[in-house]
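Next come the chains, spelled out residue by residue.
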Amino acid sequence: MKKLFKKLTGVVLAATMIMAMGVTAFAADGDVTTHRAVLYKEGTYGTDSQVESMGNDAIGETHVQENSDGTFTVTVGLVEDFKAYGITSNMKSIIVNGVLATMLDQNNNGKYDAFQFKESMAFPQKLTASFTIKASLMPIKATGDLVIY
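Residues numbered from 1 in each chain as written. Predicted model: local features only at pLDDT ≥ 70, side-chain atom pairs only at ≥ 80, totals over all residues. Heavy atoms only, no water.

Focus on the pairing of strand β9 (residues 114-119)
Pairing analysis gives six bridges linking strand β4 (residues 72-78) to β9, with the strands arranged antiparallel. Within β9, the residue paired with T73 across the bridge is K118. For strand β8 (residues 102-104) and β9, the ladder comprises three bridges, and the chain directions are antiparallel. The residue bridging T102 from the neighbouring strand is Q116, located in β9. (Pairing = 2+ DSSP bridges. Helix = DSSP H or I, 4+ residues; strand = E, 2+ residues; numbered from the N terminus.)

Okay, structure coming up:
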């Protein structure tokens with residue numbers, strides 16, 4: 001009886017785990033899923049010398065929402081007042097795959113805390129991001145590989 005109970009428990013646990021994995025994989029239209037985004041120095045993602053960009057310290061939690069046309073609206077959180085070269089900095093503008101992203105100031109304090117763009121994607125997805133960082137009085141421009149896992 002114990003062996004049968006252990007086998008049934010194992011089958012139930014395996015089935016539960018498989019169904020739980022399918023929840024985000026087959027999200028319905030309009031569902032929002034959470035992902036991780038990393039900003040790498042341009043051309044280093046997927047190589048042996050993979051290096052995170054200085055702007056990666058500004059990248060926060062990422063949310064992806066499926067649209068009815070099969071595309072996705074991606075909202076990437078930004079950390080306000082992050083350190084770039086030891087200087088307190090803020091993201092000023094971001095271009096993703098050649099298109100200017102919508103910058104969001106969700107708490108209305110004059111600093112961007114997220115950016116949003118529309119993309120048809122599969123995960124992980126590598127996108128080219130050009131960004132401008134405001135570090136004190138000096139703007140810093142850079143390009144990198146934005147990877148969403």
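Some remarks on the sheet that holds β4
As summarised here, the arrangement of the five strands in space is β1-β3-β4-β9-β8, forming an open sheet in which the pairing is antiparallel. What marks the edges here is a single partner per strand, and that holds for β1 (32-35) and β8. On average, each strand axis in the sheet is inclined to that of its neighbour by 25°, with strand direction left out of account. (Axes fitted to C-alpha atoms, helices over the stretch in contact; angles between N-to-C directions.)

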